[in-house]
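Below are the chains, spelled out letter by letter.
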Amino acid sequence: MPGLDESSVDQRPINRTAALERLEATEFDLLVIGGGIVGAGIAEAASAHGLHIALVDKGDFAGETSSASSKLIHGGLRYLRLGDVGLVREAHHERRVLMNVVAPHLVRRLPFLFPLYEDGPYRPWFVQSGIVVYSTLARAKLNGLVGAERAEKLVPQLRDTRLRACALYEDAWTNDGRLTLANIRAAADRGATVLNYAEVVGLDPVEVAVDGRTIQVRAKAVVNAAGPWVDRVRRLEDPRAKPSMRLSKGVHVVVDGGENWGAALTIPHDKIRVSFAVPWEGMLLLGTTDTEHDGEPDTVSVSDTDVAQVLDEASVAVEGLGPPRASFVGLRVLPGGEGGTASAKRETVFSTGPTGMVSVAGGKLTTYRRIALDALDHLGVRGLSKRPRPLPGATGLDRIAWPDDLDTATRNHLLHLYGSLALEMLAPATDDPSLLEPLVPGRPDLRAQELYARTHEWARSNEDIFRRRTTAWLAASGIPV
Ligand SMILES: Cc1cc2nc3c(=O)[nH]c(=O)nc-3n(C[C@H](O)[C@H](O)[C@H](O)COP(=O)(O)OP(=O)(O)OC[C@H]3O[C@@H](n4cnc5c(N)ncnc54)[C@H](O)[C@@H]3O)c2cc1C
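Residues numbered from 1 in each chain as written. Predicted model: local features only at pLDDT ≥ 70, side-chain atom pairs only at ≥ 80, totals over all residues.

*Asks:* Just checking my understanding: could you explain the overall build of the chain for this structure?
*Replies:* Per the secondary structure count, the chain includes 14 helices and 18 strands. Relative to the compact-globule value of 23 Å for 481 residues, the chain shows a C-alpha radius of gyration of 22 Å, a close match. Judged by the C-alpha coordinates and their principal axes, the chain covers about 65 × 55 × 40 Å. A burial count over the chain gives 49% of its 481 residues as buried. Intrachain contacts of the chain at a sequence separation of at least 6 include 71% that bridge at least 24 residues. (Helix = DSSP H or I, 4+ residues; strand = E, 2+ residues; numbered from the N terminus. Rg over C-alpha atoms; globule rule 2.2 N^0.38 Å. Buried ≥ 20, exposed ≤ 12 C-beta atoms within 10 Å, placed from the backbone. Contact = placed C-beta atoms within 7 Å.)

Right, here's the structure in full:
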């Protein structure tokens, strides 16, 4: 690989001081601003194409939108309703590639039921024909209408009063924070310099505020993948840059349940909006809201009204909802324009500023690989390969020699979060068996994961560990931070 200092390739255990020294001393081909899924995907793709890159995030990797999504890797049924067949086809293609090659441990198939109530916004024939088109674009066999009996077998909490039928189709779910982290790990494995808690505060020259000081970074090119902060970073380059997008707030609520669900629910509320009830990491994930946010991104928060709306909308189709266990909020970045945020297209907009910085705004988790390639194309990188590359941990999933003392549920959990890297994570437990003890009561996470998060996954705080590297924040006792 051109330009790589081989001594920097083995970056584990994580050495922040060495990474900082490299950030200051090196001239990079590319600096990526933002370690959400878009920046992480660009870093993965750029490093695979031989670029010598640095990636920085002002907070934790995946600390913002990319751990606050609905966790769906999906074609997007509502985009079909909005007439965006191209986006649906592309997203389905990406879903298949992620599920089959890039991250089969993290991206898993999931059937979805779309309940049709007598007083609902859709007639069954309309939904059925939509599902047929959707499933054709998905190249999925699972589609059609099912009766209440089969539907209730899949979703035991399904409300059956005035239920006419359910449409059945398939998509996939993921752990968004860990998918982002896996892309950063892939880039780091190829020698990328990656630093969280490092904020770009100036662009001419590039200045990064990190660990109480400000350092200058030299890079031939810069890409702005700052998500909801994209315009703020654009203004560092050009103080007169006009707003390029608007923000929509989406709140999710997590409740107990979901363990015995064989499908998720897509619940229609009107002709455009749907909400989801998704069995996720042994819990039930409900959401989301979609309301315009016109303040600074940092001011967004979950209100009681948001939580009440999510629970109300879920109860249209789910019976016996438990009390909220946790909630979180994210901001969608939508292209500027008129009209409601729910009907706005989830497109990606690229722009190039006066000093050549390429800014990426909007898009979906599902299509992150495609967005990354488009970003590199805008940066002028030639000979781009579209071939999917397995992320670290994505191969050898059926050949893992698990320690005997781990039960099947724990093995499955670790396989999902780490893939074949589970063995690397568990290695210190050979000398210290206490690392096989639970991290928090009632969750399948182990103490070894906490150690690994610090030594191999750039975690700096308890929140980084409990909220984004493990699923400990879902414990009944709350987040121990
Ligand atoms: C409620 C909701 C539900 C969604 N559900 C889905 C779904 O189910 N499926 C799907 O495909 N998509 C979904 N999406 C869309 C998807 O989550 C986003 O498209 C994606 O996460 C955006 O990633 P990003 O990297 O652009 O932004 P972010 O994840 O926000 O990353 C931007 C990063 O830039 C960093 N940053 C900002 N300024 C600076 C600076 N000056 N210096 C350094 N770093 C900086 C931030 O700290 C942040 O970590 C959803 C979005 C929302 C809001």
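*Asks:* Explain the environment of Val97 to me, please; I cannot follow it from the model alone.
*Replies:* Here Val97 shows up in helix H4 (residues 85-102). The exposure class assigned to Val97 is partly exposed, which follows from the 17 C-beta atoms found within 10 Å. In this structure the C-alpha to C-alpha distance between Val97 and Pro390, which are 293 residues apart in sequence, comes to 9.6 Å. The contacts of Val97, once residues within four sequence positions are left out, are Val102 and Pro388.

*Asks:* Looking at this model, I keep getting lost on the nonpolar core. Mind explaining?
*Replies:* In a soluble, globular protein the nonpolar side chains are often hidden away together inside. If you look at the biggest cluster of nonpolar residues, it comprises 140 residues, and the most contacted ones within it are Ile42, Ile53, Val223 and Ala277. Ile42 has contacts with Val32, Val223, Ala225, Ala372, Ala375 and Leu376, leaving out every residue within four places of it along the chain. (Core = buried A, V, L, I, M, F, W, Y, C linked by C-beta atoms within 7 Å.)

*Asks:* Got a minute to help me understand the environment of Asp407 in this structure?
*Replies:* Tracing the sequence through the fold places Asp407 in the loop between helix H10 (368-378) and helix H11 (408-418). Using a count of 10 C-beta atoms within 10 Å as the deciding quantity, one classes Asp407 as exposed. When the C-alpha atoms of Asp407 and Pro444 are compared, they prove to be 9.8 Å apart, with 37 residues separating the residues in sequence.

*Asks:* Even after reading the chapter, I still don't get the environment of Ala476, so can you show me in this structure?
*Replies:* The residue Ala476 is located in the segment after helix H14 (462-469) in this model. Residues Ala476 and Pro441, spaced 35 residues apart in sequence, show a C-alpha to C-alpha distance of 8.1 Å.

*Asks:* Would you mind going over the site of the ligand with me for this structure?
*Replies:* Taken together, 38 residues lie around the ligand, and Gly34, Gly36, Ser70, Gly227 and Gly250 are the ones closest in. Those elements that place two or more of their residues in the shell around the ligand are helix H2 (37-48), strand S8 (198-203) and strand S16 (324-335). Along the lines of polarity and charge, the residues of the shell around the ligand split into 14 nonpolar, 17 polar and 7 charged. Residues from two domains meet in the shell around the ligand; each of domain 1 (6-65 + 177-243 + 346-378) and domain 2 (80-173 + 245-335) gives at least three. (Near = placed C-beta within 6 Å. Nonpolar A, V, L, I, M, F, W, Y, C, P; charged D, E, K, R; others polar. Domains from an automatic or database assignment.)

*Asks:* For this particular structure, what's the right way to read unusual backbone geometry?
*Replies:* If a residue is not glycine, its phi is most likely negative; likewise, a peptide bond is most likely trans. The residue after Asp204, namely Pro205, is reached through a cis peptide bond having omega 5 degrees. Within the secondary structure, Pro205 is located in the loop between S8 and strand S9 (206-210). Phi angles above zero are rare outside glycine, and Ala62 is one such case at about 60 degrees. Topologically, Ala62 is positioned in the loop between strand S2 (53-56) and strand S3 (72-73).

*Asks:* When you look at the domain arrangement of the chain in this model, what are you seeing that I'm missing?
*Replies:* As assigned here, the chain comprises domain 1 (6-65 + 177-243 + 346-378), domain 2 (80-173 + 245-335) and domain 3 (397-474). Contact residues are listed per partner, giving 8 residues for domain 2 and 7 residues for domain 3. Of the residues contributing to the side of domain 2 that touches domain 3, the split by class is 5 nonpolar, 1 polar and 2 charged.

*Asks:* I would appreciate a short explanation of the pairing of S8 in the present structure.
*Replies:* Two faces make up the sheet, and in a regular strand the side chains alternate between them. Here S8 runs beside S9; their pairing, made up of 5 bridges, is antiparallel. Its bridge partner being in S9, Ala198 is matched across the sheet by Val210. Where S8 hands over to S9, the hairpin turn is made up of 2 residues, counted between the paired strands. (Pairing = 2+ DSSP bridges.)

*Asks:* Sorry, what's going on with the packing of helix H13 (residues 447-456) against H14 here?
*Replies:* Axes are the key here: two packed helices are described by the angle between their axes and the distance separating the axes. Contact geometry for H13 and H14: axes closest at 10 Å, N-to-C directions at 115 degrees. Judged by the twist between their axes, the crossing of H13 over H14 is right-handed. Contact residues: H13 offers Gln449, Glu450 and Ala453, while H14 offers Asp464, Ile465 and Arg469. (Axes fitted to C-alpha atoms, helices over the stretch in contact; angles between N-to-C directions. Left-handed = near helix turned anticlockwise from the far one by under 90°.)

*Asks:* Quick question: what am I supposed to make of H11 here?
*Replies:* For an α-helix the count is 3.6 residues per turn, leaving residues at separations of three or four pointing the same way. All of the buried residues along H11 are His413, Leu414, His416, Leu417 and Tyr418. Structurally, H11 contributes buried residues whose contacts are with helix H7 (176-189) and helix H12 (422-426). Downstream of H11 by a residue or two, Gly419 has a phi angle that is positive, lying close to 60 degrees.

*Asks:* Please clarify how the packing of H2 against H10 should be interpreted in this entry.
*Replies:* One way to put it is that H2 packs onto H10 with a least axis distance of 8 Å and a crossing angle of 65 degrees. Crossing handedness for the pair H2 and H10: right-handed. Contacts from Ile37, Val38, Gly41, Ile42, Glu44, Ala45 and Ala46 in H2 reach Tyr368, Arg369, Ile371, Ala372, Leu373, Ala375 and Leu376 in H10. Residues that form the contact of H2 with H10 fall into these classes: 11 nonpolar, 1 polar and 2 charged.

*Asks:* Honestly, the pairing of S2 in this entry has me stumped. Any pointers?
*Replies:* Neither face of S2 is open: one carries Ile53 and Leu55, the other Ala54 and Val56, and all of them are buried. As defined by bridge partners, strand S1 (residues 27-33) adjoins S2 across 4 bridges and the pair is classed as parallel. Across the sheet, the residue bridging to Leu30 is Ile53, located in S2. A crossover connection joins S1 to the parallel S2 through H2; in handedness this β-α-β unit is right-handed. Bridge count between S2 and strand S7 (residues 193-195): 3 bridges; the pairing is parallel. When the bridges of S7 are listed, Ala54 appears paired with Thr193. (Right-handed = clockwise from strand over helix to strand, strands pointing away.)

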